[in-house]
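# Structural characterization, general
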Amino acid sequence: MRNEAIPSEVKTPIIEMLEFLASDQAKETLRDVRRGIEREMVRITPNGSLSQRPHPVSLGSALTHPYITTDFSEAQLELVTPAVNENEGESMWAASMPPALPDDHDIPIAHYGTSNAGMVKARYREGLANRYGKRMQPIRCHSPQTQANQAQEKIV
């Protein structure tokens, strides 16, 4: 098979899609897109096998809970948020590595209110900031240290 150039008058579906996405029509259509977050996970046993247990009662009804349900399998959790318009000047970044991070002093620690539980969550995050730096916290990785931090947060 010879490697021949595609004539410029031939438009592939990819070229047509890119041209459409650059058009005013596409920009107007996509301007009011609403987005939600859907995250699927599989419940497993300590040895890594698929859980055979029913949907946990502690998560509420898989049929009627507005945000937590099951997918195909009983062991397949699905977390869904309502769809919202993005805030003006902001987007939701879905990748695990942020595109750019400011200096530590420009990264706000999450606010949870003034209840005891809220204050504990804030203090825990202040400890993470002091220990590892604020810039490390938005980076989503699954190192043993991150898993230990997440387990500790569930305890408090």
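Residues numbered from 1 in each chain as written. Predicted model: local features only at pLDDT ≥ 70, side-chain atom pairs only at ≥ 80, totals over all residues. Heavy atoms only, no water.

## Some words on the overall build of the chain
When helices and strands are tallied, the chain shows 4 helices and 5 strands. Secondary structure elements in the chain, listed N-terminal to C-terminal, are α-α-β-β-β-β-β-α-α. When contacts within the chain are restricted to residue pairs at least 6 apart in sequence, long-range pairs at least 24 apart make up 49% of them. Accessible area of the chain: about 12900 Å², with a carbon and sulfur share of 57%. (Helix = DSSP H or I, 4+ residues; strand = E, 2+ residues; numbered from the N terminus. Contact = heavy atoms within 4.5 Å. Areas by Shrake-Rupley, 256 points an atom, 1.4 Å probe, with all protein chains shown as cover.)

## Focus: the pattern of salt bridges
According to the stated counting rule, one finds 1 salt bridge in the structure shown. Two residues, R123 and E126, come together in a salt bridge whose shortest N-O distance is 3.0 Å. Of this pair, R123 and E126 are both found in helix α3 (residues 116-132), 3 residues apart, which corresponds to roughly one turn of the helix. (Salt bridge = Lys/Arg side-chain N within 4 Å of Asp/Glu carboxyl O.)

## A few points about the packing of aromatic side chains
For the structure shown, the criterion picks out 0 aromatic pairs. Above the face of the Y112 ring, K121 is positioned so that its terminal group lies 5.1 Å from the ring centre. (Phe/Tyr/Trp six-rings, centres within 6.5 Å; stacked < 30°, edge-to-face > 60°. Lys NZ or Arg CZ within 6 Å of the ring centre and 35° of its normal.)

## Observations regarding a nonpolar patch on the surface
Residues I14, M17, L18, F20, L21, L30 and V33 make up a contiguous nonpolar surface patch of roughly 660 Å² in combined accessible area. Ranked by residue count, the leading element in the nonpolar patch is helix α1 (residues 13-21), at 5 residues. Checked against the element boundaries, L30 lands in helix α2 (residues 24-30). Note on L30: relative accessible area 47%, which makes it partly exposed. (Patch = residues over 30% accessible without salt bridge, like charges linked within 9 Å, V, L, I, M, F, W, Y side chains within 5 Å. Buried < 20%, exposed > 50% of the residue type's maximum accessible area, 1.4 Å probe, protein only.)

## Description of the sheet that holds strand β4 (residues 76-80)
Judged by pairing direction, the sheet is antiparallel, and its 3 strands sit side by side in the order β2-β4-β3 without closing on themselves. The open sheet has two edge strands with one neighbour each: β2 (38-42) and β3 (68-70). Sheet twist, expressed as the mean angle between neighbouring strand axes with direction ignored, is 25 degrees. Bridging between β2 and β4 involves 5 bridges; their strand directions are antiparallel. Bridge assignment links V42 to a residue of β4, and that residue is Q76. (Pairing = 2+ DSSP bridges. Axes fitted to C-alpha atoms, helices over the stretch in contact; angles between N-to-C directions.)

## Focus on the side chain of T69
When you line up the elements, T69 lands in strand β3. The exposure class of T69 is buried, given its relative accessible area of 18%. Leaving out residues up to four positions away in the same chain, T69 has contacts with H55, A62, Q76, L77 and E78.

Without other data, these values stay purely geometric and don't point to any function.
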